Structures are given as structure tokens and as C-alpha cells.
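Take a look at the letters that make up each chain.
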Amino acid sequence: MDRIKVGIIGFGRSGCNIHADAISQKKDLFDLVAICDELPELRSHQEFPNAEAYAKAEDLIADPEVEMVVVSTYNYTHAKYAIQALDAGKHVLCEKPFGFTTADVDAMIAASKRNNRVLQPFQQRRFASDFEAIQEVLRSGVLGEIGFVRICWPGFGRRWDWQTSRVRGGGQLYNNGPHLIDYGMELFGDSDPVVTSTVRNMLGSGDAEDEIHVMLQGEGAPQVEMIISATCAFPQDRWLICGRNGTLRGTGTELEWKYVDWSKYPERKTDMNPLPGRYFCSEDLAFTTGSWKEENTGNTDGGAGSNPASAPALKLYDTLYRAIRLGEPQVITPEQIRRRVAVLETCYRQNGIPFPEGTRQ
Ligand SMILES: NC(=O)c1ccc[n+]([C@@H]2O[C@H](COP(=O)([O-])OP(=O)(O)OC[C@H]3O[C@@H](n4cnc5c(N)ncnc54)[C@H](O)[C@@H]3O)[C@@H](O)[C@H]2O)c1
């Protein structure tokens, strides 16, 4: 195999625990040849002892050995390093958020086109097995037309790292928001949504939001609500999907759904009079049920906490290898993720949050 030689900028939780780990599991396809971090103690990996260590992103980007650059630095620096690396002739795998604004993403796409290099957004959770199971149920059509979707990531706890600080582009909109909004937009469809959002800081030590509510609405599309909470101490379903024929609910590891076949029931014409005998509309519905359970718990949670890197990350690396070496179409494209960034940008503007320095507006 003609392995792709990778350099990683930002060797923290994501750079090391997700990307180096994925590369270590895909050694037939990728090799880690360079590591860059501002912190000297983080510039190495035991499985890649020969990887060149860099203090400055610019130096890693200039390394002729490096063919592909992973950008896993602070949120507000992604577009800058992605563009520098593309202009240096490297392919780029860029962590979420894939830029702060559509202007950021446009500049990244332009750099990818003018240098004829692959620009890959890292949205590995698209390949999470719970979401893949949901897509299969939706494709089967058993739930009928979908009117309402709720995606909920609850939790109760404080954070005090840079992800709570606006200066570094922290906050849940651009931290875990890109995962939820990717799911939400996949379920919403191809039209542009009307976006409504509220954000607040409840427990985080910094000035950025740790709770977000985002709603997508539009003609002929389901209403999609997305919630990330820092103050929800009781478990909640991650998924609720309501359609004309039935409903799906569940967590990242277990889903269930049930639906009716309306063709088996008599037509109901609107009766403009009170029903006889003060009767309330009611009919016995026979539901057909379905369920899904995660067999391999590594598959759903694709985040930096899963070690070894989980199946979603590995799947994304497979698609990326095929895009770079075989010229296959990317499964997750920059243009798709641009539409998600447009939603995030709208939320930022709606809530009057100043963009971090360097953001293209
Ligand atoms: N896709 C996912 O599931 C996922 C999970 C975790 C983090 N992330 C993303 O990865 C990025 C990093 O997050 P993290 O949790 O790994 O944070 P982290 O703080 O653990 O790591 C960031 C590292 O980058 C280094 N760094 C920052 N700017 C640098 C620069 N200019 N040059 C060299 N090194 C630099 C820091 O020293 C630090 O070690 C964020 O954008 C985050 O959104 C994605």
C-alpha cells in the first residue's frame, strides 16, 4: 500500500487520542511522520518514535515528508492552518468546527481547489452506528413523513478548560454543536432552514455557553430541535423522531421504533358534531415494533474519550484514503459541512456573540 504520510498539528485529546490512534490502527494506509504542539511534553507518541517533533505549525506544514495535515488545534485556528497547509500542497483533515463562518469555509474550499488537494471535514460521528441504524429505519419509510425530530445531549457537570472560553473559540455551539447540527441537517434535508437558537452559560467556568437550544424549521421539512445541556442530571433519550406512521426513540446504544399501517384502518371523516355519548376519539392501533442494540460499544461514541479510536473515526479515515489515493468522491464533503457552519454562524449572530479574532466575516 502507498501509505499517506501524516503530520498532526495540535497533539491533545483529539490529535493524540483520536487521530494518532486511528492512524495506529490503520498503519497499512497511513503513517504518522510529524507531530506539532506548542507544549514540548506533548510532541511524541510511543507508537511513532520517529515522528518529527515541531513547536510551530508553520514548520510542520513546510516539512516535505508530510503529505496530509491533520488540524486539531484550538477551534478558532482551524481555517488558518487548513489554508496554510493546502497552499503548501498538503491534503488536509480538519477537526470540527470546520471554520467559524461560511466565509472561513469558502476560503478553505478555494485553497483546496486552487491547489487540487483533498480538504476533509472531520465529522466522524456521521458514521456512528446509532445514526446509521436511524438512517436505515428512515430509508425503509416505515415511520412515514417525519414532522418532528429532537436530538438531545444531556449531562450534568462543570468544565474549566479552554472550551469554556470565547477567546479560543470555545462554547458548546462550536464544540459539540457541529456533531448535533450535522445530524440535524441530515434529518432536515436539502433546503435551507430557518434557524432559532438560544445559548446560556450555566456551570462552565469561562464566558462561553455550555447549554444550547437550536431549532431548524422550514416548508416541507421536519422541525428539528437540538439540545446540549450541562445541567441535566437525569438520563434522556438522545433521539426522538416522530412521523405520520410511527415514532423512533432511544439512546446512542439502543433504539426502538413502532409504527402503524393506516391502510388497515377505516377512513375517518371529520365529524363537526360532538361525538355521541360524550365519546372521545379513540381507536385501538396495532403497532409493528422494531429495535436496534449496539453490539460493539466502541461504535457509537466517536469522541476523544474513546480509546482506542472508535469505529466512526476509522471509517472516516478509510473514506479519506480512498478519496486521496483512488480519487473516489468524498462521503462527507466541505460543501455539505459549509451548510452546517452556516447554521452555527447564524446561532452566533442571533445571540450577539463576538467571533474570535481572525474569523472571516
Ligand atoms: N471530532 C471530535 O469528536 C473531537 C473530539 C475532541 C476534540 N475535537 C476538536 O479537536 C480540537 C482540539 O481539541 P482537544 O480536545 O484535543 O483540545 P486539547 O486542549 O486537548 O488539545 C489541543 C492541543 O493543541 C495544541 N495547540 C493549540 N494551538 C496550537 C498551535 N497553534 N500550534 C501547535 N499546537 C497548538 C495545544 O497545546 C493542545 O495540546 C478542537 O477543535 C476540538 O473541537 C474534536
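What you see as residue numbers is a count from 1 along each chain, following the sequence as written. Where local features are concerned, this predicted model is filtered to residues with pLDDT of at least 70; where side-chain atom pairs are given and counted, the filter is 80 or more; whole-chain, interface and lining totals use all residues. Hydrogens and water molecules were not included; the side-chain quantities draw on all heavy atoms of the structure.

## Brief notes about the domain arrangement of the chain
Part 1 of the argument: Each assigned domain of the chain is listed with its residue range as follows: domain 1 (4-125 + 304-350) and domain 2 (128-299).
Part 2 of the argument: An automatic or database domain assignment supplies the start and end points of every domain. The centre of domain 1, based on its C-alpha atoms, is set 29 Å off from the matching centre of domain 2.
Part 3 of the argument: Any two residues having at least one pair of non-hydrogen atoms within 4.5 Å are treated as being in contact. The interface of domain 1 with domain 2 comprises 25 residues on the first partner and 35 residues on the second.
Part 4 of the argument: Between domain 1 and domain 2, a total of about 2,700 Å² is buried, with carbon and sulfur atoms accounting for 53% of that surface.
Part 5 of the argument: Buried area adds together the accessible area that both of two parts lose upon being put together, with accessible area traced by a 1.4 Å probe. Contact with domain 2 buries surface across domain 1, with R125, R339 and R340 losing the most and accounting together for 26% of the total.
Part 6 of the argument: A side-chain nitrogen of Lys or Arg and a carboxyl oxygen of Asp or Glu constitute a salt bridge if their distance falls within 4 Å. One can count four salt bridges joining domain 1 with domain 2.
Part 7 of the argument: A salt bridge links E132 to K315; the nearest nitrogen and oxygen atoms lie 2.8 Å apart.
Part 8 of the argument: Contributions of two or more residues to the side of domain 1 that touches domain 2 are made by α7 (311-326) and α8 (334-350).
Part 9 of the argument: Top element by residues in the side of domain 1 that touches domain 2 is α8. It accounts for 10 residues. Strands are runs of DSSP state E lasting at least 2 residues, helices are runs of H or I lasting at least 4, and numbering of each runs from the N terminus.

## Topic: α7
Part 1 of the argument: With 16 residues, α7 should cover 22 Å at 1.5 Å per step; its first-to-last C-alpha distance of 22 Å lies within 8% of that length.
Part 2 of the argument: All of the buried residues in α7 are P312, A313, L314, L316, Y317, T319, L320, Y321, A323 and I324.
Part 3 of the argument: Elements that come into contact with the buried residues of α7 comprise β1 (4-9), α1 (13-25), β2 (30-36), β4 (68-71), β5 (91-94) and β6 (119-121).
Part 4 of the argument: Of the residues flanking the end of α7, it is G327, one or two places downstream, whose phi is positive at about 70 degrees. Here, expected helix span is obtained from the residue count minus one, scaled by 1.5 Å. Per-residue accessibility, obtained with a 1.4 Å probe over protein chains only, is compared with the maximum for each type, and a residue is labelled buried under 20%, exposed over 50%, and partly exposed between these values.

## Digging into the sheet that holds β1
Part 1 of the argument: For two strands to be treated as a pair, DSSP must find no fewer than two bridges joining them. In spatial order, the strands read β3-β2-β1-β4-β5-β6; together these six strands make up an open sheet with parallel pairing. If you trace the sheet from one side to the other, it starts and ends with β3 (52-54) and β6, each paired once. In this sheet, neighbouring strand axes are inclined to one another by 25 degrees on average, regardless of whether the strands run parallel or antiparallel.
Part 2 of the argument: Sheet topology note: the β5/β6 ladder contains three bridges and is parallel. Residue pairing across strands places L93 opposite Q120, the latter belonging to β6. For helices, the axis comes from a line fit to the C-alpha atoms of the stretch in contact; other axes are also lines fit to C-alpha atoms, and the angle between any two N-to-C directions lies between 0 and 180 degrees.

## Quick look at unusual backbone geometry
Part 1 of the argument: Cis rather than trans, the peptide bond between K96 and P97 has omega equal to -5 degrees.
Part 2 of the argument: Looking at where P97 falls in the secondary structure, it is placed in the loop between β5 and α4 (102-115).
Part 3 of the argument: Look at N116: it is not a glycine, yet its phi comes out positive at around 55 degrees.
Part 4 of the argument: Relative accessible area serves as the criterion here: at 64%, N116 is assigned to the exposed category.
Part 5 of the argument: Phi at R278 is positive, roughly 55 degrees, even though this residue is not glycine.
Part 6 of the argument: Along the chain, R278 turns up in the loop between β13 (254-259) and β14 (288-293).
Part 7 of the argument: Take R278: its relative accessible area is 84%, and that puts it in the exposed class.

## Quick word on the site of the ligand
Part 1 of the argument: Put simply, a residue is near a molecule or strand once any heavy atom of it comes within 4 Å of that molecule or strand. Lining the immediate surroundings of the ligand are 26 residues, of which S14, D37, N75, Q124 and W162 lie closest.
Part 2 of the argument: Pairs of N or O atoms are called polar contacts if they sit within 3.5 Å, as long as, within protein, a hydrogen donor faces a hydrogen acceptor (for residues adjacent in sequence, only side-chain-to-side-chain pairs). Note that an oxygen atom of the ligand is positioned 3.1 Å from one of the backbone N or O atoms of T73.
Part 3 of the argument: Note that an oxygen atom of the ligand is positioned 2.9 Å from one of the side-chain N or O atoms of H78.
Part 4 of the argument: Secondary structure elements with two or more residues in the shell around the ligand: α1 and α3 (78-87).
Part 5 of the argument: Element by element, the count of residues in the shell around the ligand is highest for α1, at three residues.
Part 6 of the argument: Inspection of the shell around the ligand shows a minimum of three residues originating in each of domain 1 (4-125 + 304-350) and domain 2 (128-299).

## Quick look at the packing of aromatic side chains
The geometry of an aromatic ring pair is captured by two quantities: the separation of the ring centres and the angle between the planes.
Part 1 of the argument: Classification of ring pairs uses Phe, Tyr and Trp, with its six-membered ring standing for Trp, and accepts pairs whose centres are within 6.5 Å; under 30 degrees between planes counts as stacked, over 60 as edge-to-face, and the remaining range as tilted. Applying the stated criterion across every chain, the model contains 12 aromatic pairs.
Part 2 of the argument: Pairing Y74 with W162 gives two aromatic rings, centres 4.9 Å apart and planes at 70 degrees, and the pair type is edge-to-face. Of this pair, Y74 sits in the loop between β4 and α3 while W162 sits in the loop between β7 (146-153) and α6 (177-188); the two residues are 88 residues apart in sequence, bridging distant segments of the chain.
Part 3 of the argument: For Y74, a relative accessible area of 25% puts it in the partly exposed group.
Part 4 of the argument: Ring centres of F100 and Y174 lie 4.0 Å apart, and the angle between their planes is 25 degrees; this geometry places the pair in the stacked category. Here F100, found in the loop between β5 and α4, pairs with Y174, found in the loop between β7 and α6; they are 74 residues apart in sequence, far enough to count as distant.
Part 5 of the argument: Among the residues examined, F100 registers a relative accessible area of 1% and is labelled buried.
Part 6 of the argument: Overall, the relative accessible area of 0% leaves Y174 in the buried class.

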